[in-house]
Amino acid sequence: MRGIRAGAIGAGVLLLAALAGCSSSSSDEAGDGDGPDDQATASAPAPSAPASGKRWQPKPGTPWQWQLDGKADTSVDVPVYDIDGFENSAATVAELHARGRKVICYFNAGAWEDFRPDKNAFPKGVLGAKNKGWEGEKWVDIRRLDVLKPIMASRIDMCRKKGFDAVEPDLTEGFRNSTGFKLTADDQLAFNRMLAKLAHDRGLSVALKNDLDQIPQLVGDFDFAVNEQCAQYGECERLTPFIKAGKAVFHVEYDLKPEEFCSQTTRLGLSSMQKRLGLDAWRKPC
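Residues numbered from 1 in each chain as written. Predicted model: local features only at pLDDT ≥ 70, side-chain atom pairs only at ≥ 80, totals over all residues. Heavy atoms only, no water.

**Here we look at the overall build of the chain**
Counting its regular elements, the chain contains seven helices and 12 strands. For the chain, the residues scored as buried account for 56% of the 286 residues in total. When the accessible surface of the chain is split by element, carbon and sulfur atoms take 51% of a total near 11,700 Å². (Helix = DSSP H or I, 4+ residues; strand = E, 2+ residues; numbered from the N terminus. Buried < 20%, exposed > 50% of the residue type's maximum accessible area, 1.4 Å probe, protein only. Areas by Shrake-Rupley, 256 points an atom, 1.4 Å probe, with all protein chains shown as cover.)

So, in structure tokens, the structure goes:
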């Protein structure tokens, strides 16, 4: 959701973001059974990968559900769910697994959020410009791998502890935005590859979110892609390296209706649907 390009967000979206921030401040910790260690902390140790060593690999065309607004509605009949890692409990992930679903853990990697429980783990020196259009967010200095790596590792540890199968780190194309830092494409490649390795070291699959410019360099490092609005901006062909590699592309449009994009994206092999910008449970798949 937060990967939408600058300039595409209006005042109504600001209200949506503010409401999302309010709901996120009361994350679904009760009834989880995992206690306070369930939330990400910068001091969490890095676990070794599962003994099987086999990661989940979603195939092109796999149907999916994407819900980042609060606790997941588990009644949608699709094989893959992508839900907020902080907002959802291990019990929710276990319920989805019992229904035969794979579950992806969403978290924001490229920006700090003032409503997350680990917000104090980010030193002020790594916080940059406000992420325009999203209440309570600031870009982070992705060049500071020494600072950000343990924080991101702890978030991925949280996902692994809750039983997720994969992670979706958001805002992985800061070098193309006004972050307050002089970021380069090489800085972004290093940061994104760090995220991929952290996930793989823990036996989890990992998505490349948007970052179309660097797909040729990163398709080998990531297990699938998540994209917003490639049809609206005429960019869906750029995602085909993932499809050719046998890796799913999970795709949404907000402003276009399915009849305006499904024929193209289905032909390309994308897993497409229309969603509302608030990313509640509503969906209209191809």
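**Looking at the pattern of salt bridges**
Within this structure, the stated rule accounts for 19 salt bridges. A salt bridge links Arg-143 to Asp-141; its shortest N-O distance comes to 2.8 Å. Residue Arg-143 is classed as partly exposed on the basis of its relative accessible area of 40%. When salt bridges with common partners are traced through the structure, they connect Glu-173, Arg-176, Asp-213 and Arg-238 into a single cluster. (Salt bridge = Lys/Arg side-chain N within 4 Å of Asp/Glu carboxyl O.)

**Looking at the packing of helix α3 (residues 145-162) against helix α4 (residues 185-201)**
Here α3 crosses α4 at 35 degrees, and the two axes come no closer than 10 Å. Relative to α4, the crossing made by α3 is right-handed. Residues Leu-145, Leu-148, Lys-149, Met-152, Ala-153 and Ile-156 of α3 form the contact with α4, whose participating residues are Ala-190, Phe-191, Met-194, Leu-195, Leu-198 and Ala-199. Of the residues that constitute the contact of α3 with α4, the class distribution is 11 nonpolar, no polar and one charged. (Axes fitted to C-alpha atoms, helices over the stretch in contact; angles between N-to-C directions. Left-handed = near helix turned anticlockwise from the far one by under 90°. Contact = heavy atoms within 4.5 Å. Nonpolar A, V, L, I, M, F, W, Y, C, P; charged D, E, K, R; others polar.)

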